[in-house]
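# Breakdown of the fold
Given next are the chains, with one letter for each unit.
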Amino acid sequence: MSAPSLATYITKRPWLKRWMMPLANWYADAAGYRKLGLRADDLIPEESDTVLLALKRLPPKEAYDRVFRLRRAFQCSLAHQLLPKDQQTKPEDDYAYLSPIIEEIEAESKERDDLEAMIVSKRKKAADAH
């Protein structure tokens, strides 16, 4: 599910992060999802089993807020209107709430696959070696 990302490379280098942050902020603002009251994680497609499981693991309040944001954005889209400035998502409110859960599920899945692929064999006794 997760695509390769340069984010870790950029955040480890302060000079590069300082240079890229204005560009990243401009891009997030130009994307327009904040003007509809959405967060970046609201845009993750719900088509994979991993995302569906992550949505089930969300706390009830966060799940309710997500559905509210999606419905409100859909209504704004149908009306061809943007939310008033005071209701738009602010950059500090646009944090990852679903991505960490997705990464956790992917790690669990990888660990499960590794354990299922493991071959278990009996150890030979020390007495057999003599």
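Residues numbered from 1 in each chain as written. Predicted model: local features only at pLDDT ≥ 70, side-chain atom pairs only at ≥ 80, totals over all residues. Heavy atoms only, no water.

The cut-off we apply is this: UniProt positions are given in the numbering used here, feature names are shortened, and annotations may be inferred rather than shown by experiment.
Where an unreviewed UniProt entry is consulted, the chain appears under the name Cytochrome b-c1 complex subunit 7, with the organism given as Stereocaulon virgatum. Recorded in UniProt under Function (unreviewed entry), the annotation for the chain is "Component of the ubiquinol-cytochrome c oxidoreductase, a multisubunit transmembrane complex that is part of the mitochondrial electron transport chain which drives oxidative phosphorylation." The record in UniProt for the chain states the following under Subcellular location (unreviewed entry): "Mitochondrion inner membrane".

## Points about a nonpolar patch on the surface
To be explicit about the condition: Here a patch means residues that are over 30% exposed by relative accessible area and free of salt bridges, tied together within 9 Å if like-charged and within 5 Å if nonpolar (Val, Leu, Ile, Met, Phe, Trp, Tyr). Where accessible areas are quoted, they stem from the Shrake-Rupley method and a 1.4 Å probe; at the residue level, only the protein chains shown are allowed to cover. Note on definitions: salt bridges are taken to be side-chain nitrogens of Lys or Arg within 4 Å of carboxyl oxygens of Asp or Glu. Secondary structure counts use DSSP, requiring at least four H or I residues in a row for a helix and at least two E residues in a row for a strand, with both numbered from the N terminus. Whether a residue is buried, partly exposed or exposed follows from its accessible area with a 1.4 Å probe, protein chains only, as a fraction of its type maximum: under 20%, in between, or over 50%, in that order.
There is a patch of nonpolar side chains on the surface, built from Leu23, Trp26 and Tyr27 and spanning about 410 Å² of accessible area. When you line up the elements, Leu23 lands in helix α2 (residues 14-31). Judged by its relative accessible area of 46%, Leu23 falls in the partly exposed class.

## A few points about helix α3 (residues 49-57)
In plain terms, the rule: Regarding the arc, it is the one traced by the directions from the helix axis to the C-beta atoms. What makes two residues a contact is simply this: any of their non-hydrogen atoms within 4.5 Å.
Buried residues of α3: Val51, Ala54 and Leu55, and no others. All buried residues of α3 lie within an arc of 100° about the axis, which places them on one face of the element. For α3, exposure combined with an orientation more than 90 degrees from the buried face picks out Asp49 and Lys56. Elements in contact with the buried residues of α3: α4 (60-79) and α5 (99-117).

## Quick notes on α2
For the record, the criterion: To estimate the expected span of a helix, count its residues, drop one, and scale the result by 1.5 Å. The bend reported for a residue corresponds to the angle between axes fitted to the seven residues ending at that residue and the seven starting there.
Helix length check: α2, at 18 residues, gives a terminal C-alpha distance of 25 Å against a target of 26 Å (1.5 Å per residue), a fit within 8%. A maximum bend of about 35° is found in α2 at Met20, where proline Pro22 lies one to four positions downstream. Looking at the residues trailing α2, positive phi occurs at Gly32, about 90°.

## A word on the nonpolar core
Applied cut-off: The criterion is simple. A nonpolar core is a set of buried Ala, Val, Leu, Ile, Met, Phe, Trp, Tyr and Cys residues joined through side-chain atoms within 4.5 Å.
Of all hydrophobic cores here, the largest spans ten residues; its members are Ile44, Val51, Ala54, Leu55, Leu58, Tyr97, Leu98, Ile101, Ile102 and Ile105. Looking at this core, the elements with two or more residues in it are α3 and α5. In this structure Ala54 touches Leu98, Ile101, Ile102 and Ile105, once residues within four positions along its chain are discounted. Counting residues in hydrophobic clusters, the runner-up holds seven residues, among them Tyr33, Ala73, Cys76 and Leu83.

## Observations concerning the pattern of salt bridges
Within the structure shown, the criterion is met by ten salt bridges. With a closest N to O distance of 3.0 Å, Glu108 and Arg57 form a salt bridge. Linking Glu108 in helix α5 with Arg57 in helix α3, this pair joins segments that are 51 residues apart in sequence. A relative accessible area of 36% places Arg57 in the partly exposed class. Salt-bridge contacts for Arg69 lead to Glu62; the nearest nitrogen and oxygen are separated by 3.8 Å. Each member of the pair Arg69 and Glu62 is classed as buried. Taken together, the salt bridges that share partners define one network made up of Arg39, Asp42, Glu46, Glu62, Arg66 and Arg69.

## A short note on the side chain of Arg66
Take Arg66: it is sitting in helix α4. With relative accessibility at 4%, the residue Arg66 sits in the buried group. Filtering out sequence-adjacent residues up to four positions away, Arg66 remains in contact with Asp41, Asp42, Ile44, Glu46, Leu55, Leu58, Tyr97 and Leu98.

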